[in-house]
There are 2 protein chains.
Amino acid sequence: VAPSAATPSAARDLARIVGAEHVIERPGREWLTDTSAARGLVGRADAVVLPGSAEQVAEVLAWCYAHGQAVVPRGGGTGYAGGAVPIDGGIVVALGRLREVRELEPSAWRMCVEAGLSTADVHRRARESGLLFAPDPGAAEQSQIGGNVATNAGGPHSFKYGVTGDWVTGLQVAVAPGELIEIGGPIRKDAAGYDLRGLFVGSEGTLGIITAVWLTLVPAPETTLPVLAFYPSVATGCAALRAVFEHGVGAAALEFFDAGTLRAAGATLPGGVPEGAGFALLAEADGAEPEARRIHGELREALGPGSLALQDGAPGALWRWRDTVSGAVTTVQGGKLSEDIVVPVDRIAEAIDGTLEIGRRHGLQACSWGHAGDGNLHSTFLLSPGDLEQLALAELAAEELFDLAIALGGSVSGEHGIGWVKGGALSRQWPPGAVRLHEAIKSSFDPAGLLNPGKKQA
Amino acid sequence: VAPSAATPSAARDLARIVGAEHVIERPGREWLTDTSAARGLVGRADAVVLPGSAEQVAEVLAWCYAHGQAVVPRGGGTGYAGGAVPIDGGIVVALGRLREVRELEPSAWRMCVEAGLSTADVHRRARESGLLFAPDPGAAEQSQIGGNVATNAGGPHSFKYGVTGDWVTGLQVAVAPGELIEIGGPIRKDAAGYDLRGLFVGSEGTLGIITAVWLTLVPAPETTLPVLAFYPSVATGCAALRAVFEHGVGAAALEFFDAGTLRAAGATLPGGVPEGAGFALLAEADGAEPEARRIHGELREALGPGSLALQDGAPGALWRWRDTVSGAVTTVQGGKLSEDIVVPVDRIAEAIDGTLEIGRRHGLQACSWGHAGDGNLHSTFLLSPGDLEQLALAELAAEELFDLAIALGGSVSGEHGIGWVKGGALSRQWPPGAVRLHEAIKSSFDPAGLLNPGKKQA
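Residues numbered from 1 in each chain as written. Chains lettered and ligands numbered in written order. Predicted model: local features only at pLDDT ≥ 70, side-chain atom pairs only at ≥ 80, totals over all residues. Heavy atoms only, no water.

As a further point, take helix H11 (residues 348–361) of chain A. Residue and element names in this part refer to chain A. Between its first and last C-alpha, H11 extends 20 Å over 14 residues, near the 20 Å set by a 1.5 Å rise per residue. Turning to H11, its buried residues are Ile 348, Ala 351, Ile 352, Gly 354, Thr 355, Ile 358 and Gly 359. One face of H11 carries all of its buried residues, which in axial projection span an arc of 160 degrees. Opposite the packed face of H11, turned more than 90 degrees from it, sit the exposed residues Arg 360 and Arg 361. Against helix H7 (234–246), strand S13 (253–258), strand S14 (279–287), strand S17 (366–371), strand S18 (376–383) and helix H12 (388–407) lie the buried residues of H11. The positive-phi residue at the C-terminal boundary of H11 is Gly 363, with phi of around 65 degrees. (Helix = DSSP H or I, 4+ residues; strand = E, 2+ residues; numbered from the N terminus. Expected span 1.5 Å × (residues − 1). Buried < 20%, exposed > 50% of the residue type's maximum accessible area, 1.4 Å probe, protein only. Arc of directions from axis to C-beta. Contact = heavy atoms within 4.5 Å.)

Quick look at the pairing of strand S15 (residues 309–312) of chain A now. Residues and elements named next belong to chain A. Burial along S15 is one-sided: the residues Ala 309 and Gln 311 are buried and none of Leu 310 and Asp 312 is. As judged from the 4 bridges shared by strand S12 (residues 223–231) and S15, these two strands associate in the antiparallel manner. The residue of S15 that forms the bridge with Ala 229 is Leu 310. (Pairing = 2+ DSSP bridges.)

A word on helix H14 (residues 432–445) of chain B. With 14 residues, H14(B) extends 20 Å between its outermost C-alpha atoms, agreeing within 8% with the 20 Å of an ideal straight helix rising 1.5 Å per residue. Inspection of H14(B) places Gly433(B), Ala434(B), Val435(B), Leu437(B), His438(B), Ile441(B), Lys442(B) and Phe445(B) among the buried residues, and these make up the whole buried set. Where the residues of H14(B) are buried, they touch strand S8 (168–175), strand S9 (179–184), helix H6 (196–200) and helix H14 (432–445) of chain A together with helix H6 (196–200) and helix H13 (426–429) of chain B.

Time to look at the pattern of salt bridges. Evaluation of the coordinates by the stated rule reveals 63 salt bridges over all chains. Linking Asp13(A) and Arg16(A) is a salt bridge whose minimum nitrogen-to-oxygen distance equals 3.6 Å. Here Asp13(A) and its partner Arg16(A) are both found in helix H1 (residues 8–18), 3 residues apart, which amounts to about one turn of the helix. When the shortest N-O distance is used, the salt bridge between Glu179(A) and Arg436(B) registers 3.2 Å. Linking Glu179(A) in strand S9 with Arg436(B) in helix H14, this pair reaches from one chain into another. We classify Glu179(A) as partly exposed; its relative accessible area is 22%. (Salt bridge = Lys/Arg side-chain N within 4 Å of Asp/Glu carboxyl O.)

Let us now look at the environment of Leu228(B). Residues and elements named next belong to chain B. Structurally, the position occupied by Leu 228 is in strand S12 (residues 223–231). Given the relative accessible area of 2%, Leu 228 is considered buried. Along the chain, Leu 228 and Ala 283 lie 55 residues apart, while their C-alpha atoms are 6.3 Å from each other. Setting aside residues no more than four positions away along its own chain, Leu 228 makes contact with Leu 269, Leu 281, Leu 282, Ala 309, Leu 310, Gln 311 and Leu 318.

What follows is about the relation of the copies chain B and chain A. Each copy of the sequence occupies a distinct position, and chain B is placed on chain A by a rotation of 180 degrees and an axial shift of 0.0 Å, giving an RMSD of 0.0 Å. Both copies are brought into coincidence by an operation consistent with a two-fold rotation axis. Most of the interface of chain B is mirrored in chain A: 100% of its interface residues are interface residues there too. (Least-squares fit on C-alpha atoms with pLDDT ≥ 70 in both.)

On to the side chain of Gln311(A), then. Considering the arrangement of structural elements, one finds Gln311(A) in strand S15. With near-sequence residues (within four places) excluded, Gln311(A) lies in contact with Val227(A), Leu228(A), Phe230(A), Pro270(A), Gly271(A), Gly272(A) and Pro274(A).

The next thing to look at is the interface of chain B and chain A. On the side of chain A, 81 residues touch chain B, which itself brings 80 residues to the contact. For the chain B and chain A pair, buried surface summed over both sides reaches about 6,100 Å², with 62% attributable to carbon and sulfur atoms. Across the salt bridge formed by Arg110(A) and Asp346(B), the nearest N and O atoms sit 2.9 Å from each other. Along the contact surface separating chain B from chain A lie 35 residue pairs in polar contact (both at pLDDT 80 or more). (Buried area = accessible area lost by both parts, 1.4 Å probe. Polar contact = N/O pair within 3.5 Å; in protein donor to acceptor, adjacent residues only side chain to side chain.)

Glancing now at the nonpolar core. Counting residues in each nonpolar core, the largest one holds 180 residues, and the members touching the most others are Phe200(A) and Phe200(B). Ignoring any residue separated from it by four or fewer positions in sequence, one finds Phe200(B) in contact with Leu437(A), Val149(B), Ala150(B), Leu171(B), Val173(B), Val175(B), Ile181(B), Ile183(B), Leu207(B), Gly208(B), Ile210(B) and Phe445(B). (Core = buried A, V, L, I, M, F, W, Y, C linked by side-chain atoms within 4.5 Å.)

This part covers the sheet that holds strand S16 (residues 335–338) of chain A. Residues and elements named next belong to chain A. Sheet architecture is open: 7 strands sit in the order S15-S12-S14-S13-S17-S18-S16, paired in antiparallel fashion. Both outer strands of the open sheet, S15 and S16, are each paired with one neighbouring strand and no more. With direction set aside, neighbouring strand axes in the sheet form an average angle of 20 degrees. Both S12 and S14 contribute to a ladder of 9 bridges, which runs antiparallel. Counted as the bridge partner of Leu 225 is Ala 285 from S14. Its contacts with the sheet place H7 against S12, S13 and S14, and it is angled at close to 20 degrees to S14. Along the sheet, helix H10 (residues 315–333) makes contact with S12, S13, S14, S16, S17 and S18, crossing S17 at roughly 155 degrees. (Axes fitted to C-alpha atoms, helices over the stretch in contact; angles between N-to-C directions.)

Residues and elements named next belong to chain B. At a closest axis distance of 9 Å, the pairing of helix H7 (residues 234–246) and helix H11 (residues 348–361) adopts a crossing angle of 155 degrees. What the angle tells us is that H7 and H11 run roughly antiparallel. H11 is crossed by H7, and the crossing has right-handed handedness. Judged by residue contacts, Val 234, Cys 238 and Leu 241 of H7 engage Ile 348, Ala 349, Ile 352 and Asp 353 from H11. Looking at side-chain class alone, the contact of H7 with H11 contains 6 nonpolar, no polar and 1 charged residues. (Parallel < 35°, antiparallel > 145°, perpendicular 65-115°, else oblique. Left-handed = near helix turned anticlockwise from the far one by under 90°. Nonpolar A, V, L, I, M, F, W, Y, C, P; charged D, E, K, R; others polar.)

So, on to unusual backbone geometry. When glycine is set aside, most residues are seen to have a negative phi, and most peptide bonds are trans. All names here are of chain A. Residues Ala 176 and Pro 177 are joined by a peptide bond in cis, for which omega reads 0 degrees. At Trp 109, a residue that is not glycine, the phi angle is positive and equals roughly 55 degrees. Of note, Trp 109 is situated in the loop between strand S5 (101–105) and strand S6 (110–114).

With that settled, the discussion passes to the sheet that holds strand S2 (residues 47–49) of chain A. Residue and element names in this part refer to chain A. Taken together, the 4 strands give an open sheet; going across it, the order is S1-S2-S4-S3, and neighbouring strands pair in mixed fashion. The open sheet is flanked by strand S1 (23–24) and strand S3 (71–74), the only strands paired with a single partner. On top of the sheet, helix H2 (residues 54–67) reaches S2, S3 and strand S4 (91–94); it is set at about 170 degrees to S4, its chief contact.

All names here are of chain A. One way to put it is that H11 packs onto H12 with a least axis distance of 10 Å and a crossing angle of 150 degrees. The orientation of H11 relative to H12 falls into the category roughly antiparallel. For the pair H11 and H12, the crossing hand works out as right-handed. Between H11, through Glu 350, Ala 351, Gly 354, Thr 355, Ile 358 and Arg 361, and H12, the contact on the second element is made entirely by Ala 397, Glu 400, Leu 401 and Leu 404. Per-class residue counts for the contact of H11 with H12 are 5 nonpolar, 2 polar and 3 charged.

What follows is the structure, encoded as structure tokens:
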């Protein structure tokens, strides 16, 4: 990809808005990729600008709208779907300088933060006040809260606590053709207008640029008690998962790891992987000490039958290991293509087995792990970097994976969104009438089609 | 209002779709009003049809779209904002015959029900499986789940459990010009398309007609333990409310009742109202027995300082009393105008005092009660039925109430929606850019403007 650059007059105009030191005229690869770089996606941009305020974001958007320039909003660049990659030029608007905590009101369980604050900082600021911001997607130190909201990020604890959007009570957004609006705010309910808040959540920068968010918080649980359960097979493990539901256990998280994942990541698992294990569930109880102990006991009871071993463990060490799983799977061959399909929770065994079956058909090593309680799988095909033939097979395999998710009554994405890499997948999942409404919303919000072009296309 | 009737050919066409016995050609008042009848709102309709299937709903919508006829969807008719009232003729589509439970899967914590099932029946069916559908708006026996979703109904337990939309994972909707679509389904996460699901939730029948909903459920709490706390004043009561937040107590519900409300409804309160009480909080702890006891203890600790009395009580009796409060307030003068403003929870004392102050300015008796933990007030002005001058004053007072909510950083509606009676209020709350997007969504979804005309207008 040839580097491109803003015209001198464009750079001058943008510098006038954000300051010359915050315009990058020949952006390097770090601005042109996200995690989808593993599958070869590298974009090109005419410039990167780093606004210093929400008002500057709106001004940049106004300039782009006036000059017919594409605008690609960018958070931490940790997405898997190419949503933050500038595909075909235009101006990358990076939110990283907007890091202010505008309000933190512990006695009302809420905060208002700017879009560029890291998700880890949001967690920390809440914790310091005895409160919890529960959504916990991976890469929390790198990802930014605005990006989390724009993709409606999930995570292990979504099982109990819901996804990012469930915690957003208000938004400040720069919308076309260049106006800053606020919807909702420091309020816990709102039945007045259409749910514009919900519409911007998960819109992947295609409807507007989120500049600040109002978040609701809850008291932090006193204790978290994980339990790790090993099974000989997918079938026995998924039967145990079903038992957790049947026993009505209020777990905080319910993660799974299949045999291939355990082979890739098991060596560093605290306590190790017992002989013969082909499947594992990582469940967690949380709450006040006695309540967490009670739920932990119920989890052990539900997860016990059919298991090879039940291990308690230190939550810190286990979740730190959990964070290494994706990287460990990458290490096996040096690369991977990892998706994020969702199925009804009672169909998850079929999705796990189906992932392997699809891999086999294409001669690809496959595995899956993810958020079992939410029926949300990171179905993965291993790749050797630079092997374009294998990559093409993996892309085909991913298409079959989407068909499988849809056939099981699920969705092509539970976490990563459509971005660029899943463009067109929604039309297979939604009826034509729904796709038409999806497109009508895009046209209404972005009539010139300049907001993150090519992304989240049905 | 003069009765109106469908033309003979219209009635014939509609009868061909739903059966002649399900077309009401000269509908009586029971089809032309909702709870807003107390302020004089009675509509007129050309016909009422009662489809027997979702497909028939779509066919009726198609017929109306082809013939330029307005369509007014109707659930249980328990709304406060005139949302289900046919203002100026057209076809009322009543969903009451769609009552099937399409799926109930306790071992996956979910159900799929048709729009006309009563909310109480949804609760009962979940409970019979040991599960909880938590949203608990008033009038659960009369209201229908489709109407609850279309207004995003709340209720006392929204404090812990969120509003109706938080429980909806999928929708079947008849959309213009007459197509049945499904979005989401039996899945707990979905990051694929724009959040159409959330957009239909709370859209008050102006974007489509909801015919069925997928609901997620949670294990039912074993025990609920209420505590009722009385205070001499709004200030002392709201200080106790703040203490619940500051202590980080995970209450399930946090309701308030001001002095006027206690005067109106206190006589039937189990345990009575202590001498000198000018404010009360009704809090509830729930969960497994020991956890509910622990939270109950924390509630008593947080609510104690400044209180005149703390009473435990049987949850059944207390919540049955809670259901009578609105009616008891009506009884004082025979009528009332009751709104549902929301404010940041730390501004609630100002909203409660402000309600009284606005009433005083207009010579109206006023009171408020509601969902203190969510900052959601039922601010109410008492009326003598038939006193049109008083009604006009109350309408003015309501406008001032909306201004107060907005000035405090809140919303004109937390539960009832905009409907007909609050038309125009959104433009005072939202910036022009947001109002423009609100209107663009309506035009995209309903280009001919036939879906519940005049409702939810900004």
